[in-house]
Amino acid sequence: MTSKKKALLFFTIMVFGNMAASFAHPVTPTLIVERGLDSSMFGVALAAMMMMNFLFAPFWGKLCGYVPTKRIMLICALGYSVGQAIFGAAQTEAMVIGGRMFAGIFTGGLFTAYSNYVINTSASPEERGQNLTVLITIQTVAGAMGYFVGGMLGMISVEAAFIAQVITLATTGIIFFFTCIDDTPFKHKPDRPLSIREANPFSAMLAARKFLTPMLGLLCAIVAISAIGQNSFEQCFNYYIKDQFGLGSQYNGIFKAVIAAMTMLANSTVCIWLVKKTDTNKSFLPITILSAVTLGSILFFRTLVPFVIIDVLFFTLNAIRLPLMQNLAANRSTPENSNSVMGFYQSMNSLGGIFGALFAGLIYDAGPMLPFILAFAAFSVASVFSAVYVQKYKKESKTAAK
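Here the structure is a predicted model, which is why all the values come from computation and not from measurement.

Reading the values: rules and limits
Residues numbered from 1 in each chain as written. Predicted model: local features only at pLDDT ≥ 70, side-chain atom pairs only at ≥ 80, totals over all residues. Heavy atoms only, no water. Core = buried A, V, L, I, M, F, W, Y, C linked by side-chain atoms within 4.5 Å. Buried < 20%, exposed > 50% of the residue type's maximum accessible area, 1.4 Å probe, protein only. Helix = DSSP H or I, 4+ residues; strand = E, 2+ residues; numbered from the N terminus. Patch = residues over 30% accessible without salt bridge, like charges linked within 9 Å, V, L, I, M, F, W, Y side chains within 5 Å. Areas by Shrake-Rupley, 256 points an atom, 1.4 Å probe, with all protein chains shown as cover. Salt bridge = Lys/Arg side-chain N within 4 Å of Asp/Glu carboxyl O. Axes fitted to C-alpha atoms, helices over the stretch in contact; angles between N-to-C directions. Parallel < 35°, antiparallel > 145°, perpendicular 65-115°, else oblique. Left-handed = near helix turned anticlockwise from the far one by under 90°. Nonpolar A, V, L, I, M, F, W, Y, C, P; charged D, E, K, R; others polar. Lys, Arg positive; Asp, Glu negative; His and termini not counted. Charge placed at Lys NZ, Arg CZ, Asp CG, Glu CD. Expected span 1.5 Å × (residues − 1). Contact = heavy atoms within 4.5 Å. Phe/Tyr/Trp six-rings, centres within 6.5 Å; stacked < 30°, edge-to-face > 60°.

Undergrad: Describe the nonpolar core, and please don't skip the residues or the numbers.
TA: Counting 73 residues, the largest nonpolar core has F10 and M73 as the members making the most contacts within it. With 10 residues, helix 3 (residues 41–63) is the largest single contributor of residues to this core. In this structure, L247, I310, V312 and F379 belong to the second largest nonpolar core, which totals 23 residues.

Undergrad: A description of a nonpolar patch on the surface should follow, citing residues and the corresponding values.
TA: A cluster of nonpolar residues, F148, Y251, I254, V258, M262 and L265, forms a patch on the protein surface that exposes about 500 Å² of accessible area. Sorting elements by how many residues they give to the nonpolar patch places helix 11 (residues 249–277) first, with five residues.

Undergrad: Tell me about the packing of helix 4 (residues 69–89) against helix 5 (residues 93–121), and name the residues and values.
TA: Axes are the key here: two packed helices are described by the angle between their axes and the distance separating the axes. Taken N-terminus to C-terminus, the directions of helix 4 and helix 5 make an angle of 155°; their axes are 7 Å apart at the nearest point. Taken as axis vectors, helix 4 and helix 5 run roughly antiparallel relative to one another. Of the two possible hands of crossing, helix 4 and helix 5 adopt the one that is left-handed. Class assignment for the residues of the contact of helix 4 with helix 5 results in 19 nonpolar, eight polar and one charged.

Undergrad: Describe the pattern of salt bridges, with residues and values.
TA: Scanning all chains against the criterion turns up two salt bridges. E396 is paired through a salt bridge with R332; the nearest N and O atoms lie 2.8 Å apart. With E396 in helix 15 (residues 370–401) and R332 in the loop between helix 13 (304–331) and helix 14 (338–363), the pair connects residues that are 64 residues apart, well separated along the chain. Exposure remark for E396: the relative accessible area of 32% places this residue in the partly exposed category.

Undergrad: So what's going on with a positive patch on the surface? Residues and values would help.
TA: A cluster of basic side chains, namely K282, K392, K394, K395 and K398, defines a positive patch on the protein surface. With four residues, helix 15 is the largest single contributor of residues to the positive patch. One can find K398 in helix 15.

Undergrad: Give a description of helix 12 (residues 280–297) that names residues and reports values.
TA: With 18 residues, helix 12 ought to run about 26 Å at 1.5 Å a step, and its terminal C-alpha atoms sit 26 Å apart, in line with that. For helix 12, every residue scored as buried is listed here: T280, N281, S283, F284, L285, I287, T288, S291, A292, T294, L295 and G296.

Undergrad: I'd like a description of the packing of helix 5 against helix 6 (residues 125–154), backed by residues and values.
TA: At a minimum axis separation of 9 Å, helix 5 and helix 6 run at an interaxial angle of 155°. By the angle class used here, helix 5 and helix 6 are roughly antiparallel. At the point where helix 5 passes helix 6, the crossing takes the right-handed sense. Contacts from F111, Y114, S115, V118, I119 and T121 in helix 5 reach E127, R128, N131, L132, L135 and Q139 in helix 6. Considering only residue class, the contact of helix 5 with helix 6 consists of six nonpolar, four polar and two charged.

Undergrad: Which residues make up the packing of aromatic side chains, and what values do they have?
TA: Remark: the centre distance and the inter-plane angle together describe each pair of aromatic rings, the angle taken between the planes. Taken as a whole and assessed by the stated rule, the structure comprises 22 aromatic pairs. Ring geometry for F111 versus Y114: centroids 5.6 Å apart, planes at 90°, classification edge-to-face. Here F111 and its partner Y114 are both found in helix 5, three residues apart, which amounts to about one turn of the helix. The class of Y114 is buried, set by a relative accessible area of 1%.

Purely geometric numbers; function is a separate question.
Structure representation (structure tokens):
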């Protein structure tokens, strides 16, 4: 089988894996309501998962340098499925948090492995940029499609969505292991074996100081702050339309299906054009600012139609922004540290997700619009940091040209 066919097979399996990752999202509000759990669980549960994701993503990134990435995919897909099985069976807040925390150990590894596999098996920087764009597009579009499927399954029962998720996640992990190539020959070989001390998640996090330049650190800060806004908005929106408008899980799925279509259109046109025709170190800034403006506009409405329009517009812009950011981080890595850089990048995304989801859940009872205000504030700050990055990049480019 040719390398192109192998890549196509990898991306095809990824579609189903990313769809499955979203099966439970549209039914989570229903699970919380049906089982009489505290309303804050919609944010607290995700924050628990993101916390473990944050802690373990650098470890998985480091481990990718020592073992075939496809083995990481298998382990993490199986672990993720077990965690979701616990979550789906939960009858108490403690069991919900426990299940999400267990799943979180492995979700960071799965998404870190995806990006590392693409980076390691791409033949050139140009191909890597294109493949990372395809990767993020699949994650966004397939995730939205997964919302739709999960919403439809939720009309049968909450349990139906979780059963489908667990089976699909485990199956894709097994298929990844037997169909993906061994990327070991394409990776930089570490100078020494992985020690128990280095395998510690906290040690892996501290190891970031070896490769974290000021510009890469600024990029990761933008990623983390944006993730606060993205997760605060998404988690609140999902619960808000159930709580305030009385809409079932199928509506969440339908809205995500529209987002999937818009994402495909935007990434096959606008995003590709930005990557090929512009300096993305600069052009990501207006996308971030537009995202902030879109989130700010939701504060002026209290009816369903404007909420849905803003939801679709924001996530379309977000789908353009994400591959640009990931490619910028990849471009500031080296063959020796690319696995660790992508693990740290994923960890920073999760760090923002922790605060976004947690605060959204905790402040919702004080005012349903407060999480939306938090989302707007986070993207406003991210826009300021992005402007600082662009200015520093311009100075960096002038210095390099001399």
